[in-house]
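Spelled out from the first residue to the last, the chains are:
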Amino acid sequence: MKKKILIIYTGGTIGMIQNQENGALEPFEFSDIYSQLPMLKLINGDIDFKTLLPLIDSSDTNPDFWIRLANFIGENYNNYDGFVILHGTDTMAYTASALSFMLENLAKPVILTGSQLPLGVVRSDGRDNIMAAVEIATDEFEGEPRIQEVCIYFENGLYRGNRTYKANAEKFNAFASPNFHKIAKVGVSITYNLSDIHYKNTGLPLIVHTELDSHIALIKLYPGIQTQMLRSVLTIPDLHGVVLETFGAGNAPSDENFLSLIKEASEKGIVFVNVSQCKDGGSVKMGLYEASVGLNKCGVVSGADMTTEAAVSKLMYLFGTKMPIEEIKYWLQRPIRGEMTV
Ligand code: ASP
């Protein structure tokens with residue numbers, strides 16, 4: 001039976017045209033995808049195309065946008081077998097991570113894709129990306145959708161969305177998932193990594209979580225980080241959580257002033273999650289080196305091998321649920337949607 005797929009266009013390079021006056025690329029509204037991509041008619045599926053206005057460069061993505069997008073999926077959930085979201089690449093990994101937390105009991109594919117070159121350009125990578133994303137969204141296994149989670153499809157690879165980050169601003173191969181295998185590789189055929197597919201069909205109805213708490217901060221450590229700067233951030237009124245991007249396997253300066261600021265904030269109820277600055281792989285292992293013991297004592301919890309993108313959106317999601325702080329700390333250290341390895 002033909003699958004019904006909804007393509008949701010949100011903006012990004014994939015649909016951009018050049019502003020005649022200043023030459024800058026800006027999103028434009030194309031009213032139907034078939035005019036740009038007639039090959040889509042060959043796919044064994046009924047495809048609808050809807051635009052989420054206003055179209056944005058993904059640099060303008062924010063929690064309000066994620067809420068609108070998640071609600072849009074929720075409203076259309078029962079009418080479609082799968083969703084393909086056309087999105088700018090710059091913050092696609094953040095959106096994929098946020099959606100993964102916001103869509104509980106997801107039992108259908110939600111695949112984000114985009115391109116490095118606009119669709120209207122001769123060598124655009126957008127055509128292949130959309131075609132493959134839609135084809136994967138129509139795929140099934142034993143009567144169930146093959147993919148039942150939020151993914152990113154880009155340049156021959158299907159990734160678990162909340163494991164990715166944008167790794168390259170130049171190559172077509174723009175995304176990396178350092179701590180989790182590709183879910184599928186696309187060549188002449190599509191090869192799924194069956195053991196990595198997140199089958200989670202509980203039969204429970206989809207829950208769309210639409211409370212996100214943006215009272216969080218991201219602090220990247222660097223040698224010479226000033227306590228004054230840290231203090232300014234940690235004393236922001238209503239700050240609830242901090243993603244601390246640390247060195248290597250979760251290490252930080254042993255300086256007393258630095259650590260006491262973290263401890264003070266932590267005692268006031270600010271939650272710290274430790275993720276690594278090492279983008280190419282590895283995990284935070286608190287206590288492995290003396291240099292992370294201090295953080296441990298200050299109440300900082302380990303984000304293991306979570307990406308910064310996943311940690312930021314997970315904090316927003318967890319605080320949005322209004323669960324007690326101890327529970328937030330518990331869940332930060334455990335996978336909710338396959339976003340970390342423990
Ligand atoms: N600036 C664009 C965006 O993220 C880049 C892209 O789509 O690749 O919206």
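Source: prediction; values computed, not measured. (Residues numbered from 1 in each chain as written. Predicted model: local features only at pLDDT ≥ 70, side-chain atom pairs only at ≥ 80, totals over all residues. Heavy atoms only, no water.)

A. Molecular detail of the overall build of the protein. Scanning the protein for helices and strands turns up 9 helices and 20 strands. Considering the protein as a whole, with its 342 residues, one finds that 55% of them fall into the buried category. Taking contacts inside the protein between residues at least 6 apart in sequence as the whole, the part at least 24 apart equals 72%. Carbon and sulfur atoms provide 50% of the accessible area of the protein, an area that totals close to 15300 Å². Across the protein, the 29 positively charged side chains and the 39 negatively charged ones have centroids separated by 4 Å. (Helix = DSSP H or I, 4+ residues; strand = E, 2+ residues; numbered from the N terminus. Buried < 20%, exposed > 50% of the residue type's maximum accessible area, 1.4 Å probe, protein only. Contact = heavy atoms within 4.5 Å. Areas by Shrake-Rupley, 256 points an atom, 1.4 Å probe, with all protein chains shown as cover. Lys, Arg positive; Asp, Glu negative; His and termini not counted. Charge placed at Lys NZ, Arg CZ, Asp CG, Glu CD.)

B. Inspection of the environment of leucine 42 at higher detail. Tracing the chain through its elements places leucine 42 in the loop between α1 (33-36) and β4 (45-56). Between the C-alpha atoms of leucine 42 and asparagine 22, which are 20 residues apart in sequence, the distance is 38 Å.

C. Structural view of unusual backbone geometry. The omega torsion across leucine 53 and proline 54 is -5°, close enough to zero to call that bond cis. If you trace the backbone, proline 54 turns up in strand β4. The residue alanine 304 is not glycine, and still its phi comes out positive at about 50°. Its location among the elements puts alanine 304 in the loop between β20 (301-302) and α8 (308-320).

D. Structural detail: the packing of aromatic side chains. In the structure shown here, the tally under the stated rule is 8 aromatic pairs. On the numbers, 6.1 Å between centres and 20° between planes, the contact of tyrosine 9 with phenylalanine 49 is stacked. With a gap of 40 residues between them, tyrosine 9 in strand β1 (residues 3-11) and phenylalanine 49 in strand β4 connect regions that are remote in the sequence. Both residues of the pair, tyrosine 9 and phenylalanine 49, belong to the buried class. Between tyrosine 330 and tryptophan 331, the aromatic rings sit 5.1 Å apart at their centres with planes inclined by 85°, giving edge-to-face as the arrangement. (Phe/Tyr/Trp six-rings, centres within 6.5 Å; stacked < 30°, edge-to-face > 60°.)

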